[in-house]
Amino acid sequence: MTTAPWRDPALPAAARVDDLLSRMTLEEKTAQLYGVWVGAATDGDGVAPHQHDMTVRSADDFAELITHGLGQLTRSFGTAPVDPALGAQALARAQRRITEAGRFGIPAVAHEECLAGFTAWQATAYPVPLAWGAGFDPPLVEEMARHIGQDLRSVGVHQGLAPVLDVVRDPRWGRVEETIGEDPYLTGTIGAAYVRGLESAGVVATLKHFAGYASSAGARNLAPVRAGVRELADITLPPFEMALREGGARSVMAAYNETDGVPASADPALLTELLREQWGFTGTVVADYFGVDFLKTLHRVAGTSAEAAHAALAAGLDVELPTLNCYGKPLLEAVRAGEVPQELVDRAARRVLLQKCELGLLDEDWTPEPTAARIDLDSPANRALARRLAEQSVVLLDNPDGVLPLHPDARIAVVGPRAADALAMLGCYSFPSHVLTHHPDIPMGIEIPTVLEALRAELPDAKVTFAEGCGVSDPDTAGFEEAVARASEADVCLAVLGDRAGLFGRGTSGEGCDVTDLGLPGVQGDLLDALVATGVPVVLVLLTGRPYALGRWHGRLAAVVQAFFPGEEGGPAVAGVLTGRVNPSGRLPVSVPRLPGGQPWTYLQPPLGLAGEVSNLDPTPLYAFGHGRSYTSFTWEATGGEAQVIGTDGSYDVSVTVRNTGDRAGAEVVQLYLHDPVASVTRPDVRLIGYQRVDLAPAEASRVTFRFHADLSSFTDRTGRRIVEPGVLELRLAASSADVRHTARVELSGPVRELGPDRRLLCEVEVARD
């Protein structure tokens, strides 16, 4: 028996795919360009927008489709509760059907959501990405992503739709919880770490949403983006570039939005000229769900499904997800009619098949059978990792009088709608919040201790009482009386408030859950006022998916603790911080505003975006980006400060020694910011260009050295070039964007230097024990 060249693993992938393409019909090529979503709800009340538009509704439809092959299988685990072992067997059966039905026996790529863990029943629910940002710890995020990838592969999944690399521009946007923060350097470094972890497990990481999605007008989901070219180049795009170059991502998801009138899914300047020709990306571009069809139905830049398919393919979008509305029959007929060049189909099919070749799906010995003898998607190792990340992500915003840690025998009133609800720990892309709400009779599938349960376990000698007080978003204040009574009887009151994650208006945070202002949801603010009025010290504990304005209570609270949907181990993590078992080390990945309305703001502001005499409105946040307190103390010792002259292609080392001067171990996050006093275009007053988390025992010190390179000062000029300009810069070593501990002046000397895609993206850091 002679093996066809495309089956020969000894040949280069390109040669194998070229041979395979030469044998395929047009129907077989187009079949590689779409996914199929079987078993999802068709009543319009599902887990994705416009899900009712799907066309694959029955097993008969599926059987007919796969005779030509299939590109992708959509969310076999993420559509309904399924036992992981049975789900793996069902996926294997589906893959066998696909390989037996087509001439070439090519399996599909199975993809799943994995934003904060594998979105499947009984799988570990990790903290959301905003919590990853709060941890400032890329290696830990990489380790988490490796575990997620291993779980995906154990059940036969090849591609994960994560991470989200959108940079927060307006915290009223519902999907803030899915982002890593409001800074592109933090987002890029943490995002690249996640990509490395997922890809190390053999799973294709998919960067989303490319690009500009978070800059929507009015913070509305899918609203038009009116960002300028420099905002896109210097804030929106760098995390994607970093995740491709430093992480090695093999897929990119085109965003829903349009920018200046051009939808991302039909933008060749974005998906081909920038992504492929400038950045050298060679993987696959996939549609966000129904994104190709939206070119016709929502954007109205295409009159028919065939025109939508043509526009997307021509732009460089290879795979239609989650199912076939445009790349199926409409595309096939348009190619045959001469309305769409077949070369576009061949180009996309080649990219898809090259990726399948990389995954081993073209090999003769490929098998769909799960490799693991026992499938456990919430292993003890996973839970331990979820606990570590949750503990590192909790931010102590304020503790002016040292009320925290709590006394072990105190009388504690726990009040609030988030204290005794397990879902308070989870974001909208966790399986319980995303899918399980449609299956109320199915158990959670994983253990999720609440803050109340965890606190009682941590402080067995304390007298802990509880009153809900109010719901998350409803206007009922009937529970205030009991809550005030419990608080009045206590030594300290914990007000556990925040968000309920959901989808498309069914929550206060999550996809399609945008808000008009940054006031606490419902009557929670009024409840907090009533608790403060008792005179009992009130500790505010926030479990949210976005920052909320806290200026109304500034100076009236005993302490403030912020957690961003900290996952299944979030209850014990928060309780550990409250009791002192955990020394808080989280830092804010987003600013916390002072006032709720009219000031959607991030710290990346040029001079006129800051407070000044030209306006009566002061946008200065209550707590700055990078802020966070500890139960121990640190001193920072730096030398120098005199201006150093380097070339516009030079580098300069700036160092600081950080010492733990308290009586317990803790972690400090040393942050390096750049201030550019004069430039040819306006620049942010400060922006993060490096950071390092440092763990120190009592009396221990470490010297942290940042190797600043002139490339890190680059920006996009008036002509669209990325340049380094000569001039004086300030390098600010800081504990937050507003808490500068040491400044070093650097003068860049020489000509303006234009940079290419090989520029330095990272600030190297060296840590040495003192």
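Quantities reported herein were computed from a predicted structural model and do not represent experimental measurements. Throughout this document, residue positions are counted from 1 along each chain, in the order its sequence is written. Local features in a predicted model are, by the rule used here, given only for residues with pLDDT of at least 70; side-chain atom pairs are given and counted only at 80 or more, and totals for whole chains, interfaces and linings are based on all residues. Processing note: side-chain calculations cover all non-hydrogen atoms of the structure and skip hydrogens and water entirely.

Asker: What am I meant to see in the packing of aromatic side chains here?
Answerer: Describing an aromatic ring pair means giving the distance of the ring centres and the angle of the ring planes. Geometry of aromatic contacts follows a simple scheme: Phe, Tyr and Trp rings, the Trp one being its six-membered ring, pair when their centres are within 6.5 Å, and the pair is stacked under 30 degrees between planes, edge-to-face over 60, tilted otherwise. Per the counting criterion, the structure on display carries 15 aromatic pairs. A ring pair is formed by tryptophan 6 and phenylalanine 104, whose centres lie 5.8 Å apart and whose planes are at 80°; its orientation type is edge-to-face. Note that tryptophan 6 is positioned in the segment before α1 (13–23) and phenylalanine 104 in the loop between α4 (84–101) and β3 (109–113), a separation of 98 residues in sequence. Assigned by exposure class, tryptophan 6 and phenylalanine 104 land together as buried. Between the aromatic rings of phenylalanine 136 and tyrosine 691, the centroid separation amounts to 5.2 Å while the plane-to-plane angle is 85°, which identifies the pairing as edge-to-face. In this pair, phenylalanine 136 is assigned in the loop between α5 (129–135) and α6 (138–154) and tyrosine 691 in strand β20 (residues 687–696), connecting sequence segments 555 residues apart. Members of the aromatic cluster, connected to one another through ring pairs, are Phe136, Tyr185, Tyr603, Phe625, Tyr673 and Tyr691. Two conditions define a charge located above a ring, namely a distance within 6 Å from the ring centre to NZ of Lys or CZ of Arg, and an angle within 35 degrees of the ring normal. Directly above the ring of tyrosine 429 sits lysine 208, whose terminal nitrogen or CZ lies 5.5 Å from the centroid. Taking the ring centre of tryptophan 636 as reference, the NZ or CZ of arginine 741 above it sits at 5.0 Å. Counting from the N terminus, the helices are the DSSP runs of H or I reaching at least four residues and the strands are the DSSP runs of E reaching at least two. Residue burial is assigned from relative accessible area. The probe radius is 1.4 Å, only protein chains are included, and a residue is buried under 20% of its type maximum, exposed over 50%, and partly exposed in between.

Asker: Even after reading the chapter, I still don't get the sheet that holds strand β23 (residues 722–724), so can you show me in this structure?
Answerer: Strand-to-strand pairing in sheets goes through backbone hydrogen bonds, with the strands running parallel or antiparallel. DSSP bridges decide pairing: two strands pair if at least two such bridges lie between them. Across the sheet, which stays open at both edges, the 3 strands sit in the order β22-β23-β26 with antiparallel pairing between neighbours. The outermost strands of the open sheet, each flanked by one partner alone, are β22 (715–716) and β26 (753–754). Where β22 meets β23, 2 bridges bridge the pair, whose relative direction is antiparallel. Counted as the bridge partner of phenylalanine 715 is isoleucine 723 from β23.

Asker: Just to check I follow, could you spell out the pattern of salt bridges for this structure?
Answerer: Where side chains of opposite charge bring their charged atoms close, a pairing between them can arise. Here, a salt bridge means any Lys or Arg side-chain nitrogen found within 4 Å of an Asp or Glu carboxyl oxygen. Counted under the stated rule, the structure contains 53 salt bridges. Taking the shortest distance from any N to any O, the salt bridge between arginine 383 and aspartate 378 comes out at 2.9 Å. The buried category is assigned to aspartate 378, whose relative accessible area is 14%.

Asker: Would you explain helix α13 (residues 329–336) in this entry?
Answerer: Quick reminder: α-helices carry 3.6 residues per turn. Residues three or four places apart thus point the same way. Within α13, the full set of buried residues consists of Leu331, Leu332, Ala334 and Val335. Looking straight down α13, one finds that the buried residues subtend no more than 165° of arc, so they occupy a single side. Exposed residues lying more than 90 degrees from the buried face of α13 are Lys329 and Arg336. By definition in these notes, contact holds between two residues if any of their heavy atoms fall within 4.5 Å. Considering only its buried residues, α13 is in contact with α2 (26–31), α12 (305–315) and α14 (342–358). Remark: glycine 338 follows α13 within two positions and exhibits a positive phi of approximately 80°. Taken from the helix axis, the directions to the C-beta atoms give the arc we talk about.

Asker: Sorry, what's going on with the side chain of glutamine 95 here?
Answerer: Assignment of secondary structure puts glutamine 95 in helix α4. Apart from residues lying up to four places away in sequence, glutamine 95 is in contact with Leu73, Pro107, Ala108, His158, Trp366 and Pro368.

Asker: How should the packing of α1 against α14 be read in this particular structure?
Answerer: The axes of two packed helices give the description: the angle between them and the distance between them. What counts as an axis is a line fitted to C-alpha atoms, over the stretch in contact for a helix, and the angles between N-to-C directions run from 0 to 180 degrees. Here α1 crosses α14 at 130°, and the two axes come no closer than 9 Å. One way to sum up the angle between α1 and α14 is to call them oblique. At the point where α1 passes α14, the crossing takes the right-handed sense. Where α1 abuts α14, its residues Ala13, Ala14, Arg16, Val17, Asp18, Leu20 and Leu21 lie against Asp346, Ala349, Arg350, Leu353, Leu354 and Cys357. Throughout this entry, Asp, Glu, Lys and Arg are counted as charged residues, while Ala, Val, Leu, Ile, Met, Phe, Trp, Tyr, Cys and Pro are counted as nonpolar. The remaining residues, Gly among them, count as polar. Residues of the contact of α1 with α14, tallied by class, amount to 9 nonpolar, no polar and 4 charged. Here the angle decides the label: under 35 degrees means roughly parallel, over 145 means roughly antiparallel, 65 to 115 means roughly perpendicular, and every other value means oblique. Definitions for this section: a left-handed crossing has its near helix turned counterclockwise from the far helix by less than a right angle. A right-handed crossing has that turn clockwise.

Asker: When you look at unusual backbone geometry in this model, what are you seeing that I'm missing?
Answerer: The omega torsion across alanine 162 and proline 163 is 10°, close enough to zero to call that bond cis. Following the sequence through the fold, proline 163 ends up in the loop between β4 (159–161) and α7 (184–200). Residue histidine 209 is bonded to the preceding lysine 208 through a cis peptide linkage, with omega at 5°. Note on placement: histidine 209 falls in strand β5 (residues 204–210). Residue leucine 222 is not a glycine yet carries a positive backbone phi of 70°. With respect to the helices and strands, the residue leucine 222 is situated in the loop between β5 and α8 (229–236).

Asker: What is the right way to read the sheet that holds strand β17 (residues 644–647) from this model?
Answerer: Sheet architecture is open: 5 strands sit in the order β17-β25-β24-β19-β20, paired in mixed fashion. On the outer flanks of this sheet lie β17 and β20, each paired with one strand and no other. Neighbour to neighbour, the strand axes of the sheet diverge by 30° on average, direction disregarded. Two strands pair when backbone bridges link them, and strand β24 (residues 727–736) and strand β25 (residues 739–749) are joined in this way by 9 bridges, in the antiparallel orientation. Residue pairing in the sheet places serine 736 in a bridge with aspartate 739 of β25.

Asker: Explain helix α9 (residues 238–247) here, please?
Answerer: Counting buried positions along α9 gives 8 out of 10 residues, so the element sits mostly inside the fold. Buried within α9 we find Pro238, Pro239, Phe240, Glu241, Met242, Ala243, Leu244 and Gly247. Buried-residue contacts for α9 involve α7, β5, α8, β6 (251–254) and α10 (268–278). One or two residues past the end of α9 sits glycine 248, with phi positive at roughly 85°.

Asker: Just checking my understanding: could you explain the side chain of arginine 687 for this structure?
Answerer: With respect to the helices, strands and loops of the structure, arginine 687 is situated in strand β20. There is no salt bridge for the buried arginine 687, and the closest opposite charge comes from aspartate 676, which lies 6.8 Å off by N-O distance. N or O atoms closer than or at 3.5 Å make up a polar contact, with two conditions inside protein: a donor-capable atom paired with an acceptor-capable one, and, for residues adjacent in sequence, both atoms drawn from side chains. Reaching out from arginine 687, the side chain makes a polar contact with the backbone oxygen of serine 714 at a distance of 3.4 Å. Residues counted as positive are Lys and Arg, residues counted as negative are Asp and Glu, and His and the chain ends are not counted.

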